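Summary of the model geometry
Listed below, chain by chain, are the residues.
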Amino acid sequence: ERYRKGEATLQVVNAAGSPVTNATLTIRQKSHAFLFGCNILPLGQLGEWNAAYEEKFAKLFNLATTTFCLSEYRSEKGEYRFGANATNVWRRPPPDRVLAFCRKHGIAMKGQPLLADSWHPEWAKKMTPDDARALYREYFTRVAERYGKDVLMFDVVNEAFLCKGRNKRRGWNFPLYTEDLGYVEWAFETAQSLFPPECRLTINEAATGDAYFRKIKALLDKGIRLDGIGFQVHYFSANALQAHFDLKRHPAALRETYVKYGRLNRPLYISEITIPTTLASGAEGEALQACAVENLYRLWFSVPAMAGITYWNLCNGAAWKTEGRTLAGLLDPQMREKPAYQTLCRLIQREWNTQAQTVSDAQGKASFRGFYGTYDVVARIGDKTQAFEIKLGKDTPTHQLKLK
């Protein structure tokens, strides 16, 4: 009530600008300002289930996250897999295909990541730091020119802290790696010179500790553009989910973490979520997943600085490697809605959705309180009706409805 809703004032006037009294206004929210998202990595790759997947995605979400890993989209020869008809790579759909889907359904698009230690191409592993910076600058430039005005946001850097130490395990060093993760600053400085202001440049990480906080604060203190802060929440085992129910990470402690990061005055995003169904078998496991999903979404939606929540895998059978063992999809492989999916539908489309009807007064005014987002408003005078679209936000509380 406090952070997600606002008062709206509507004034109905005639063509001459005079107030219209006793106009009946039917108000229906059709989308949220808050971003409810999911990754869309298997788009077009599920065979006979493609249409059902797309229908279930568009029914629930207003944000689609797709990957822009350099290793998957630029070949050693400089060729790019951007076009809609590019060769399929599992969980790496061509960005043009994703953009077309998003435009068709009025869904915002997010790209992730532009740079990640773990997704540096093996063919470039022996590059010098200078050559690697030139490679990424060229990649950033191509992406910005092609998608900068159409994609809502990009994670510029992903999992910098998670990747510390990974170099030894894979047998070669990320060319830009240094112990202080200085490449993070370089990447943001480079991106901010290439991407337009309306494209949000964000950071994404599995860690939420002091090191991540200090790194972000250092970037902001230097005046570097950073438009959002992402947090991953993956429960990759039944034990991790059990810890949730045992309150090993107490809701108050979680909330305090987000309040702390909120003091940096940047929007926060829960960027990746995995909630397994493997704590119990069958229907009981799915019910426990739904319970955890509701617990967490309610907490996140109540955090003042939170601006979006993105579940990671929509359906079972489409996860990355062994992550699929968690059976954490909101749908089964045949696109059957699991209780967790239905829980999110109830929250997003009903409980956190505003429908109202009111009548204009002698000054032509009417008001309602609603969740921030886009609304259809139908004004009726006698047997005549006229439709309007309004956007209710913290800075847009008043709207004039001018009748023809």
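Each chain has its residues counted from 1, following the order in which its sequence is written. Thresholds applied to this predicted model are a pLDDT of at least 70 for local features of residues and 80 or more for the giving and counting of side-chain atom pairs; totals over whole chains, interfaces and linings are not thresholded and use all residues. Note: side-chain values were computed over all heavy atoms of the structure, leaving out hydrogens and water.

Right, let's talk about the pattern of salt bridges for a bit. By salt bridge we mean one thing: a side-chain nitrogen of Lys or Arg within 4 Å of a carboxyl oxygen of Asp or Glu. The full count for this structure, using the stated rule, is 27 salt bridges. As a salt-bridge pair, Lys 217 and Asp 221 come within 3.0 Å of each other at their nearest N and O atoms. Within this pair, Lys 217 and its partner Asp 221 are both found in helix H7 (residues 210-221), separated by four residues, close to a single helical turn. Accessible area is worked out with a 1.4 Å probe on protein chains only. A residue is then buried under 20% of its type maximum, exposed over 50%, and partly exposed in between. On the basis of relative accessibility, which here comes to 38%, the residue Lys 217 falls in the partly exposed class. Residues joined in a network through salt bridges with shared partners are Glu 1, Lys 5, Glu 7 and Arg 369. Put simply, DSSP marks the helices as runs of H or I at least four residues long and the strands as runs of E at least two long, and each gets a number from the N terminus on.

Time to look at the sheet that holds strand S15 (residues 398-402). Picture the strands of a sheet paired through backbone hydrogen bonds; they go either parallel or antiparallel. Reading across from one edge, S12-S1-S15 is the order of the three strands in this open sheet, with mixed pairing throughout. Every other strand in the sheet has two partners, leaving strand S12 (365-371) and S15 as the edge strands with one partner each. Averaged over neighbouring strand pairs, the angle between their axes works out to 30 degrees when direction is ignored. Pairing between strands requires that DSSP locate at least two bridges from one strand to the other. In terms of strand pairing, strand S1 (residues 5-13) meets S15 through five bridges, oriented parallel. For Thr 9, the partnering residue across the bridge sits in S15 and is Thr 398. Helix axes are fitted to C-alpha atoms over the stretch in contact, other axes to C-alpha atoms as well, and angles between N-to-C directions run from 0 to 180 degrees.

What follows is about the state of the cysteines. Here, a disulfide means two cysteine sulfur atoms that sit within 2.5 Å of each other. What the rule picks out here adds up to zero disulfides. Cys 38 forms no disulfide, and the closest cysteine sulfur to it belongs to Cys 315, at a distance of 8.5 Å. Take Cys 102: it sits in no disulfide, and the sulfur closest to it among the cysteines is that of Cys 38, at 12 Å.

With omega at -15 degrees, the peptide bond leading from Gln 112 into Pro 113 counts as cis. Summarising the element assignment, Pro 113 is placed in the loop between strand S5 (108-112) and helix H4 (129-147). For Arg 91, which is not a glycine, the phi torsion comes out positive at approximately 65 degrees. Along the polypeptide, Arg 91 turns up in the loop between helix H2 (70-73) and helix H3 (95-105). In the Ramachandran plot, Leu 181 falls in the positive-phi region, its phi being about 55 degrees despite a non-glycine side chain. Take Leu 181: it is sitting in the loop between helix H5 (166-170) and helix H6 (182-192). Leu 181 gets classed as buried once you look at its relative accessible area, which sits at 2%.

So, about the packing of aromatic side chains. Between the rings of Phe, Tyr and Trp (Trp by its six-membered ring), a pair exists once the centres lie within 6.5 Å; its type follows the angle of the planes, with under 30 degrees stacked, over 60 edge-to-face, and the other angles tilted. The final tally for this structure, using the stated rule, is 29 aromatic pairs. Geometrically, the ring pair formed by Tyr 80 and Phe 82 is stacked, given 5.0 Å between the ring centres and 25 degrees between the ring planes. An aromatic cluster is built from Phe 68, Tyr 73, Tyr 80, Phe 82, Tyr 139, Tyr 147, Phe 154 and Phe 195, whose rings are joined through pairwise contacts. Distance and angle both matter: a charge sits over a ring if NZ of Lys or CZ of Arg is within 6 Å of the ring centre and within 35 degrees of the ring normal. Over the ring of Phe 301 we find Arg 4, and its NZ or CZ is 5.3 Å from the ring centre.

Residues lying three or four places apart along an α-helix face the same way, a consequence of the helix completing one turn every 3.6 residues. One less than the residue count of a helix, multiplied by 1.5 Å, gives the span that helix is expected to have. Spanning twelve residues, H7 covers 16 Å between terminal C-alpha atoms, matching the ideal 16 Å at 1.5 Å per step. Burial in H7 covers these residues: Tyr 212, Phe 213, Lys 215, Ile 216, Leu 219 and Leu 220. One side of H7 holds all its buried residues, which, seen down the axis, span an arc of 165 degrees. In H7, those exposed residues whose orientation departs by more than 90 degrees from the buried face are Arg 214 and Asp 221. Contacts: residue pairs with any heavy atoms within 4.5 Å of one another. In this fold, the buried residues of H7 make contact with H6, strand S7 (200-205), strand S8 (228-234) and helix H9 (251-262). By definition, the arc is the one covered by directions from the helix axis to the C-beta atoms.

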